[in-house]
Each structure stands twice: as C-alpha cells, then as structure tokens.
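# Residue-level structure breakdown
Chain residues, written in single-letter form:
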Amino acid sequence: MSLPSVVYWENPILSGVVFGSVLVTLLSLCYYSLIYVVANVSLLVLLGVCAVKAYSKVMIMLGKAEPGSDPLEQVSKMPVTIPTENMEQYTTCLADKLNAGVSELRRLVLVDNMVDTIKFGLSLWCLTYIGSWFNAMTLIILAWIGFFSVPKLYLMNQAAVDEVIGKVQVQVDEVKSKVMAMIPVKAAAAAGDKKAE
C-alpha cells in the first residue's frame, strides 16, 4: 500500500475508504468545531473496536472461530514507537525546509529580484480574490477531491491532456518572452548575455 496506488485507485475499496473518511471529516469540520469532530470520530472508532472485539469473543465462545482470529490482533502487534534516528532525520529535514522557506520569503519581500517579487505580489493579489470567494475549509475539501480525481483522470486522458498542456506552454512562453522584453533590467541583462556570446 503506497500513496500512488491509493491515489490512482488501484485498490478501489482502500482508496474509497481513505477518500471517504477524510472527506466526511473535512465536511464535518465545516459545520462543527475541531474538538467536537475529533471527540466524535474517536468515540466512533472506540465503539467500532469494541464491537469487533465483542463479535470475536462471541464467535470464539460459540466455536465458530479459532482463538487468535481477532482481526484487530494484527493492529495490536504493529509497532507504534518512532525510532529516534528517524526523528533526528525528520527534524533535520523539516528544519532545512523551514530555513529554505524563510530565506525565500525574505528574498521575495525585500525585493532581491524584481521579477520574482512582482510574481509573488500578483500571487498574493490572486489569493485575495480566492479568499473572498472561498473559505479555507472549502479549498482544503476541493484540494482533497482533486488529489484523488486529477491523477486518475490524467491517466485515462493522458494524450489529450499532454497535447493541450503543450499548446498552453507555448502560449505562456510567448507571453513570458514579451513581458521579459518589456522589463528594462531583464532586457539589459539579456542584451549583455548576447554580446558576451
């Protein structure tokens, strides 16, 4: 069971359980507080575990199942501790990503590169519109649905999607070259590069 196999719906039952359970939880968070949802989901899991345990005990007492046939026994034997060497590796990786993100944010905000800062500002401006249309939970739900549907749709329609993306990429490159030609700093740098060649 790997993430791509779940996202590509190779095992529809497992993918459906993962997709549906998280989607129901996200939808619940739209209407109820986080504490309420966590408490109710935990209570539901606890009641489910108790029902499975009671069913297993009854089946063993009636002689219809063998001792040790409890389906939750596999779960109880799974290791739940995180090795310390993995924790050190994860925290180092997390610290590296966080430091890179903060450095990039500082570079964008302090206008180290005018073009990148303009792109960042335009992205923030677009986010203001998206934020006025949707709340964060709606965007998370849409992202979750897209996470499970876009990869499968792409696999099913790969040739047509690649053709359209190729056409869009050509148009984006044309617009990008026109915009870069209009920016004096980039135009001077490009002219300097051509003279050096």
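Counting restarts for each chain: residues are numbered from 1 in the order of the written sequence. Local features in a predicted model are, by the rule used here, given only for residues with pLDDT of at least 70; side-chain atom pairs are given and counted only at 80 or more, and totals for whole chains, interfaces and linings are based on all residues. Computation of side-chain values covers all heavy atoms of the structure but excludes hydrogens and water.

Generally, phi is negative for residues other than glycine and the peptide bonds are trans, each holding for most cases. With a phi close to 60°, tryptophan 9 is a non-glycine residue in the positive phi region. The topology assignment puts tryptophan 9 in the loop between helix 1 (3-7) and helix 2 (12-31). Positive phi, close to 55°, is recorded for valine 111, a residue that is not glycine. Secondary structure elements follow DSSP: runs of H or I no shorter than four residues count as helices, runs of E no shorter than two count as strands, and numbering proceeds from the N terminus. Its place among the elements puts valine 111 in the loop between helix 5 (84-109) and helix 6 (114-133).

Turning to the pattern of salt bridges, a few remarks are in order. When a carboxyl oxygen of Asp or Glu is within 4 Å of a side-chain nitrogen of Lys or Arg, the pair counts as a salt bridge. Here the structure, examined in full by the defined rule, presents 3 salt bridges. Residue aspartate 116 pairs with arginine 107 through a salt bridge whose shortest N-O separation is 3.0 Å. For each residue, the accessible area found with a 1.4 Å probe, counting protein chains only, is set against the maximum for its type, and the residue is called buried under 20%, exposed over 50%, and partly exposed in between. When its relative accessible area of 23% is taken as the criterion, arginine 107 is described as partly exposed. Its salt-bridge partner being glutamate 163, residue lysine 167 comes within 3.5 Å of it at the nearest N-O pair. You can see lysine 167 and its partner glutamate 163 sitting in helix 8 (residues 158-182), 4 residues apart, about one turn around the helix.

Two elements in contact, helix 5 and helix 6, have axes separated by 8 Å at closest approach and are oriented at 100°. Compared by their axis directions, helix 5 and helix 6 come out roughly perpendicular. On helix 6, the residues touching Leu105, Arg107, Leu108 and Val109 of helix 5 are Asp116, Thr117 and Phe120. Here the nonpolar group is Ala, Val, Leu, Ile, Met, Phe, Trp, Tyr, Cys and Pro; Asp, Glu, Lys and Arg are the charged ones; every other residue, Gly included, is treated as polar. Looking at side-chain class alone, the contact of helix 5 with helix 6 contains 4 nonpolar, 1 polar and 2 charged residues. Each axis is a line fitted through C-alpha atoms, and for a helix only the stretch in contact is used; angles between axes span 0 to 180 degrees, taken between their N-to-C directions. Roughly parallel refers to an angle under 35 degrees, roughly antiparallel to one over 145, roughly perpendicular to one between 65 and 115, and oblique to any angle outside these ranges. The criterion used for residue contact is that any of the two residues' heavy atoms lie within 4.5 Å.

Structurally, proline 151 is set in helix 7 (residues 136-156). Those residues in contact with proline 151 that sit more than four places away from it in its chain are Val7, Tyr8 and Gly146.

Once that is clear, we can look at the nonpolar core. One recurring pattern in soluble globular proteins is that nonpolar side chains are buried together. What makes a nonpolar core is a set of buried Ala, Val, Leu, Ile, Met, Phe, Trp, Tyr and Cys residues whose side-chain atoms join them at distances within 4.5 Å. With 7 residues, the main nonpolar core is built from Val6, Phe19, Leu23, Leu26, Ile141, Trp144 and Phe148. Those residues in contact with phenylalanine 19 that lie beyond four places of it in its chain are Trp9, Trp144, Ile145 and Phe148.

We now examine a nonpolar patch on the surface. Excluding any residue in a salt bridge, patches collect residues exceeding 30% relative accessible area, merging like charges within 9 Å and nonpolar Val, Leu, Ile, Met, Phe, Trp and Tyr side chains within 5 Å. Computed with the Shrake-Rupley method and a 1.4 Å probe, the accessible areas treat only the protein chains shown as cover for residues. Among the surface-exposed residues, Val111, Met114, Ile118, Leu122, Trp125, Tyr129, Trp133, Phe134, Leu139 and Leu142 lie close enough to one another that they form a single nonpolar patch of about 1000 Å² accessible area. Counting residues per element, the ones that place at least two in the nonpolar patch are helix 6 and helix 7. Among the elements that line the nonpolar patch, the one with the most residues is helix 6, at 6 residues. Residue classification places valine 111 among the partly exposed residues on the basis of a relative accessible area of 39%.

Residue position: serine 5 is located in helix 1. Apart from the residues lying within four places of it in its own chain, the contact partners of serine 5 are Glu10, Asn11 and Ser15.

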